[in-house]
Structures are given as structure tokens and as C-alpha cells.
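# Architecture and fold: a report
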Amino acid sequence: MSKKINMEKYFAPDLDKARKRTRNIIEEVRFNLSDAHQKIGYHKTYLIHTYGCQGNVADSETMAGILELMGFSPAISEDQADVIIMNTCAIRENAENRIWGELGRLKAYKRRNPDLILALAGCMAQEENVVKRVLKTYQHVDLIFGTHNIHKIPEYIETAMFSKERVVEVYSREGEIVENLPKRRDHKFKAWVNIMFGCDEFCTYCIVPYTRGKERSRSKEEIIAEIKELAEQGYKEVTLLGQNVNAYGKDRKEDDYTFGDLLRDVNELGIERIRFTTSHPHDLDKKTMEAIRDCNHVMPFFHLPVQSGSNKVLKKMNRHYTKESYLNVLNQLKETVPGISVTTDIIVGFPFEDEDDFNETLDLVEKADFEGAFTFIFSKREGTPAAKYEDLTPEEDKKQRLYRLNEAVNAGYLRGSQRFLDKVVKVLVDGTSKHNDEILSGYSEHQKLVNFKGDPSLIGQIVNVKITVAKTWFLLGEKVD
Ligand code: 5AD
Ligand code: SF4
């Protein structure tokens, strides 16, 4: 028997509403689990499948934290789970297609265990067309909630369990900033820390400003308290997260406290390594560059998405900079922080891109001397301005451009590796190598993957490694004192 939707409690997403921005000050509220929800999960298990970016990984840690506070424990397999949450990504069509396939596959588990609660969460849940399609053709999905209301999981699970209704609640506008959320962190010595949510850039190809809402920064007090606690618990590395961390604090004008200030304060908290992601070039200021230079715990690595090297395409993308001004900022960064490693994101096959535009991108890749890049073929996202642009480039040409771009990018990866040959680098040891138990694997300060022979007791420690072999994707070395 299929479940009904209680229309009084039905909130579907609306991309037009999601586009609107208010000047309202965002309130802070504190999460508290009510007594009624504390035992719902006893003797029950959950499983979360996470897709997409680090923002989703961090959200899944919050979902797991809430579920465990409700008494749930992690399931060993899908077979055993009482609750399965799909925390989804909407950034490109192929990411979504994979998730549609997975949703279909999970139907078999629901057939075997009709009490299983299957939830769709994350960025796809924020899309109108997705919710419509799930309601129509994926009857086995019991619960849909979005990125703005993770803190309401206890209510949703309760309703889905006891009233046997389908629960749909997606807010198109962000609500409050919710603090005091419990987290079940996946890693023992590396942690994600959200410093802000949402994005106000509205790059014309990007769905994120619609799925994640208005830009809003957490208070510095909350961020610092969270990181202090992580340091006390023995965490070695934190990654500060936001869609555009360089804009941190700009929505809290009363504080006059921006990203550079935050880096300086976080540097004093006893965490060995501080990283951050991701950035927008037009918000990257001198104060931030100088903080990276001056703070010994802030790592010499910067991911600075450029997207294209053609001024015409950058304008159509609404990126607010030119190839020349990007290279200026980049050079300023490299002068301020000598030796810093810079990586980027690039899209090929954007609707207005012709061969000349693409050659501008290749030229920029060479001039910028990136040490890595995530490269993508443009994907139409319904509701974004670029989805309506006429796209005349044949698919085959786009693939060719991606191939040529990757050749150039890989040469940069290799150059970036080779500069560490015969040098001693500091490696935070993550674990043993996937292919060989006797080899340890970890990342250097410049975010290079390093493999070397060593004892597993070094896992979680920072050790000196002398680099003996430099390959495109990794370095090999020997431990030294
Ligand atoms: N098509 C292709 N790539 C995209 N990205 C964002 N939206 C799209 C899209 N519609 C890429 C950008 C961004 C990265 C996270 O994903 O390069 O920086
Ligand atoms: Fe998307 Fe642009 Fe915001 Fe990045 S800065 S999340 S690409 S809109």
C-alpha cells in the first residue's frame, strides 16, 4: 500500500523563491533534542550515502550525530538498516543520474523490509523537478528534506515511522543558523568545520545559490569554540568550509571581522594544520594572503577556481573578473606566499565558448602554472540562467577540449610534484596505502599525496619524509628524522 502525503505538512521547493535574497539578519538558534525524540532509535540502525562536495560530507556527519543522539547506531549493511538517507549532489547532471540509479536499486530493500525508511536529502531535494519526479515515480521514498532543515530530522523520522505518511519538507529560503548540532565525525584527526553557508555569487551555470541559499557566516565565537574543542580532542587538521570562504564575515558587517582575521585567530588554537575551501577570486583580499603568509599553521595551498580563461565566457558566467585580473590576484598571492601551491576548477564547453575562447583557457593554465585542476564539461542545470543559453558546440568537440585541457593540467601536476624532489616534506600520515600494507600514505603541507615505508604506529602523526620519486599524482619518499 503506498503512503499518502499529508498536504498540510507538505513543503516543496521553489527555485524562484530560492533565487530571492533578503537583507534580514539571520538569527541563530540552538539545537536541542526533545525528550520525546531521545529513544526513537533504540535498537535501530541507520546508513547514510553521501555524494558530492565536502559540504555534504560535513552535513552527513551532522545527520549521523543527530541520529545517534536519538539512539540509532550505524548499520553494517543496507540489508540491516532501518533508516537509509541519500545525501545527494545536484552540481552536474551525471552526479544526479548516478543517484537516480541508486534510488531505483534501493527499491528492493524496501520491498523486503516495508518498515525501512528511505530518505532523500541534500541538494537534489532542493530542486523542484526532482521532488516532483520522486513523488510520482519513486513511491518507495518515504521522506524528503533539504539542506536548510537537517536539524528537524527527529520530527521527520518520528512522523515517517509512526504515522506512515510520506514526509516532504524542503525550505526554499534558508532559515536560521543552527548551532549546537551534534556531529559524528568520520575521521579521528582531520575535521570539517563550516564557517559559512550558502552563496550569493550566482554564477550563471551554478545551482548552488538555489540549493544552499543566501550567504551567511557563523559567528567567530561559535567557530573558535568548535575548533578549540577539536584541538582538545587531539585533532591535527581542520578544513574551514564554505562555498566562498573569502567572503566570510561580509554579511556580518557589524563585526568588521573577515576571513583573514579568522585565519589569524584559528592559528592560535593549537591545531597543527589549517586548510580551507573553496574560494572566489574576486573576494580574495590582501588581508587573507598576509594571514596565510604569517600563520605557521595555515597550509601553503590554495584552491582558486577560475572556470575559464576567456573574458567573453567569464562575463557570460557572471564571474566578476577577467583573465588579466585573475592572474594579477594570483601573482599577488604567489608573491605574498612564496612557494604556495595553487589548484583550480575549469569548465569547458560553456555555451558561448569557441575555439579561440578555449585557447585562452589553455593559455591561462600555462601562465597560472596550476599544480592541479578539477575539470568539467558544462552541464545544464534547470532553473539557472545558463540552462537557457543556446548551446551550439557539438558534444565531441567538448570532449576533445576536456582531453586537451587535461593534458595541460596534468603537466602542471607533474611540475608541482617535481619541485619537491630531494626535499624534505612534512606528512600527516592518514593510513596505509590502498595497495600495500607496509606503505604509509598521507598529505604534505602543499597537499601532495606522499607514500613511504613506515610503521602503522605513525598514523595520525606528522613526520618528515625525503622525496625520492616524483610522479604526476603522488610522491614517494623515505622517512627521515
Ligand atoms: N557544469 C559543469 N561544472 C559545474 N560546476 C558548477 N556548476 C557546473 C555546471 N553546471 C563546477 C565549477 C565549480 C565546481 C565545484 O563545479 O567548476 O567550481
Ligand atoms: Fe557556484 Fe559560483 Fe557560488 Fe561557486 S561561487 S558555488 S560556482 S555560484
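Above: the structure in question.
Residues numbered from 1 in each chain as written. Chains lettered and ligands numbered in written order. Predicted model: local features only at pLDDT ≥ 70, side-chain atom pairs only at ≥ 80, totals over all residues. Heavy atoms only, no water.

Now for the site of ligand 1. Near ligand 1, the surroundings consist of Ile91, Arg92, Tyr205, Gln307, Asp345, Ile347, Phe376, Ile377, Phe378, Ser379 and Arg381. The contact in question runs from an oxygen atom of ligand 1 to an N or O atom on the side chain of Arg92, over 3.0 Å. Contact distances for ligand 1 include 3.0 Å between a nitrogen atom and a backbone N or O atom of Tyr205. Protein chains bury 87% of the 410 Å² of accessible surface belonging to ligand 1 in isolation. When residues of the shell around ligand 1 are traced back to their parent elements, those giving at least two are strand 15 (341–348) and strand 16 (373–377). Its residues placed into classes, the shell around ligand 1 shows six nonpolar, two polar and three charged. (Near = heavy atom within 4 Å. Polar contact = N/O pair within 3.5 Å; in protein donor to acceptor, adjacent residues only side chain to side chain. Areas by Shrake-Rupley, 256 points an atom, 1.4 Å probe, with all protein chains shown as cover. Helix = DSSP H or I, 4+ residues; strand = E, 2+ residues; numbered from the N terminus. Nonpolar A, V, L, I, M, F, W, Y, C, P; charged D, E, K, R; others polar.)

If you walk across this open sheet you meet the three strands as 9-12-13, and the pairing is parallel. Strands at the two margins of the open sheet, each flanked by one partner only, are strand 9 (190–194) and strand 13 (273–277). The sheet shows a mean angle of 25° between the axes of neighbouring strands, direction not considered. Both strand 9 and strand 12 (residues 237–241) contribute to a ladder of five bridges, which runs parallel. Looking across to strand 12, one finds that Lys190 is bridged to Glu237. (Pairing = 2+ DSSP bridges. Axes fitted to C-alpha atoms, helices over the stretch in contact; angles between N-to-C directions.)

Here Gly104 shows up in helix 3 (residues 93–105). Along the backbone, Gly104 and Val141 are 37 residues apart, and their C-alpha atoms lie at a distance of 9.8 Å.

As a further point, take helix 3. Taking 1.5 Å of rise per residue, 13 residues should cover 18 Å, and helix 3 covers 19 Å from first to last C-alpha, within 8% of that figure. Within the sequence span of helix 3, burial applies to Glu96, Ile99, Trp100 and Leu103. Angularly, the buried residues of helix 3 cover 105° about the axis, an arc narrow enough to put them on a single face. Summarising the geometry of helix 3, the exposed residues directed more than 90 degrees from the buried face are Asn94 and Arg98. (Expected span 1.5 Å × (residues − 1). Buried < 20%, exposed > 50% of the residue type's maximum accessible area, 1.4 Å probe, protein only. Arc of directions from axis to C-beta.)

Bringing the sheet that holds strand 18 (residues 439–444) into the picture now. Taking strand neighbours around the barrel as the criterion, the five strands line up as 17-18-19-21-20 in a closed arrangement whose pairing is mixed. In this sheet, adjacent strand axes meet at a mean angle of 50° when their direction is disregarded. Of the pairings in the sheet, the one linking strand 19 (residues 449–453) to strand 21 (residues 475–480) comprises three bridges and is parallel in character. Bridged to Phe452 within strand 21 is Gly477.

The element strand 4 (residues 83–88) is largely enclosed, with a buried count of six among its six residues. Residues Val83, Ile85 and Asn87 line one face of strand 4 and the alternating positions Ile84, Met86 and Thr88 line the opposite face, and both faces are buried. Pairing of strand 2 (residues 45–50) with strand 4, which is carried by five bridges, proceeds in the parallel orientation. Counterpart to Tyr46 in the pairing with strand 4 is Val83. As defined by bridge partners, strand 4 adjoins strand 5 (residues 117–122) across six bridges and the pair is classed as parallel.

So, on to the packing of aromatic side chains. The description of two aromatic rings rests on the distance between their centres and on the angle between their planes. A full pass over the atoms with the stated rule returns 15 aromatic pairs. Both rings, one in Phe350 and one in Phe378, keep their centres 5.2 Å apart while their planes meet at 75°; by these two values the pair is edge-to-face. Separated by 28 residues along the polypeptide, Phe350 in the loop between strand 15 and helix 13 (355–368) and Phe378 in the loop between strand 16 and helix 14 (395–418) bring together distant segments of the chain. Each member of the pair, Phe350 as well as Phe378, is classed as buried. Cluster of aromatic residues (ring-pair linked, three or more members): Tyr205, Phe350, Phe352, Phe378 and Tyr389. The lysine or arginine in question, Arg112, covers the ring of Tyr109, its NZ or CZ lying 5.0 Å from the ring centre. (Phe/Tyr/Trp six-rings, centres within 6.5 Å; stacked < 30°, edge-to-face > 60°. Lys NZ or Arg CZ within 6 Å of the ring centre and 35° of its normal.)

Attention now goes to the pattern of salt bridges. All told, the structure shown has 36 salt bridges when counted by the stated rule. Between Glu78 and Arg105 there is a salt bridge, and its shortest N-O distance comes to 2.8 Å. Taken together, the residues span a long stretch of sequence, with Glu78 in the loop between strand 3 (73–74) and strand 4 and Arg105 in helix 3 at a distance of 27 residues. Note on Glu78: relative accessible area 13%, which makes it buried. Between Glu96 and Arg381 there is a salt bridge, with the nearest N and O atoms lying 3.1 Å from each other. (Salt bridge = Lys/Arg side-chain N within 4 Å of Asp/Glu carboxyl O.)

Moving on: the site of ligand 2. Taken together, the neighbourhood of ligand 2 is formed by Cys199, Glu201, Phe202, Cys203, Tyr205, Cys206, Val208, Pro209, Gln243, His280 and Arg319. Taken together, the residues of the shell around ligand 2 break down into seven nonpolar, two polar and two charged.

Those residues of helix 5 (residues 128–137) lying buried are Val130, Val131, Val134 and Leu135. Down the axis of helix 5, the buried set is contained in an arc of 125°. They therefore lie on one face. Exposed residues on helix 5 whose side chains face more than 90 degrees from its buried face are Lys132 and Lys136.

This paragraph deals with the packing of helix 2 (residues 54–69) against helix 6 (residues 153–162). At their nearest, the axes of helix 2 and helix 6 sit 10 Å apart, and the two run at 60° to each other. One element, helix 2, and the other, helix 6, form an angle in the oblique class. The chirality of how helix 2 crosses helix 6 is right-handed. Across the interface between the two elements, Met63, Ile66 and Leu67 from helix 2 touch Ile153, Pro154 and Ile157 from helix 6. Of the residues belonging to the contact of helix 2 with helix 6, the class tally is six nonpolar, no polar and no charged. (Parallel < 35°, antiparallel > 145°, perpendicular 65-115°, else oblique. Left-handed = near helix turned anticlockwise from the far one by under 90°. Contact = heavy atoms within 4.5 Å.)

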